[in-house]
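Examination of the molecular architecture
Read off the chains here:
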Amino acid sequence: MDDMNVEVNHANPGDHVGEIERKTRVVKERIRAKCHHLPCLALPLIMIRHVSMDCASKVNHFPVKGD
């Protein structure tokens, strides 16, 4: 690890990792917003999967502010 100048942050099982939890919350909020604007009331499972994949990929397009 020292040769590559990589800093590793270890977390025990059950510990809270603030950065990851925030990113998960952002993806969930975007999924809810996108599903709310769809014209149908019930969504098939395949549509939910594709909406969540789309939201997660769009979140990863740009770096986080302040990093």
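Note: the structure precedes this text.
Summary of the structure given here. (Residues numbered from 1 in each chain as written. Predicted model: local features only at pLDDT ≥ 70, side-chain atom pairs only at ≥ 80, totals over all residues. Heavy atoms only, no water.)

1. A short note on the overall build of the chain
Scanning the chain for helices and strands turns up two helices and zero strands. Each of the three principal axes of the chain carries a C-alpha extent, and together these read 55 × 30 × 20 Å. Sorting the 67 residues of the chain into buried and exposed places 6% on the buried side. Of the roughly 6,500 Å² that the chain leaves accessible, carbon and sulfur atoms contribute 57%. (Helix = DSSP H or I, 4+ residues; strand = E, 2+ residues; numbered from the N terminus. Buried < 20%, exposed > 50% of the residue type's maximum accessible area, 1.4 Å probe, protein only. Areas by Shrake-Rupley, 256 points an atom, 1.4 Å probe, with all protein chains shown as cover.)

2. Observations regarding the state of the cysteines
Here the structure, examined in full by the defined rule, presents zero disulfides. No disulfide involves C55; its sulfur sits 7.4 Å from that of C35, the nearest cysteine. Exposure remark for C55: the relative accessible area of 4% places this residue in the buried category. (Disulfide = S-S within 2.5 Å.)

3. Digging into a nonpolar patch on the surface
Together, M4, V6 and V8 make up a nonpolar patch on the protein surface, roughly 270 Å² of accessible area in all. Structurally, M4 can be placed in the segment before α1 (18–36). (Patch = residues over 30% accessible without salt bridge, like charges linked within 9 Å, V, L, I, M, F, W, Y side chains within 5 Å. Salt bridge = Lys/Arg side-chain N within 4 Å of Asp/Glu carboxyl O.)

4. Quick notes on the layout of surface pockets
Estimated volume of the largest pocket: approximately 300 Å³. What lines the largest pocket is R22, K23, V26, R30, K58, V59, N60, F62, P63, V64 and K65. If you list the elements that add at least two residues to the lining of the largest pocket, you get α1 and α2 (45–59). If you tally residues by element for the lining of the largest pocket, the top one is α1, at four residues. (1 Å grid on protein atoms, 1.4 Å probe; cavity = no way out; pocket = protein on both sides within 12 Å on 5 of 7 lines; lining within 4 Å. Points joined across faces, edges and corners; volume = space filled by probe spheres on them.)

5. Re the pattern of salt bridges
The final tally for this structure, using the stated rule, is two salt bridges. Between K34 and D54 there is a salt bridge; the shortest N-O distance is 2.2 Å. Separated by 20 residues along the polypeptide, K34 in helix α1 and D54 in helix α2 bring together distant segments of the chain. Overall, the relative accessible area of 29% leaves K34 in the partly exposed class. Here K58 ties to D54 by a salt bridge, and the two come within 3.4 Å at their closest N and O atoms.

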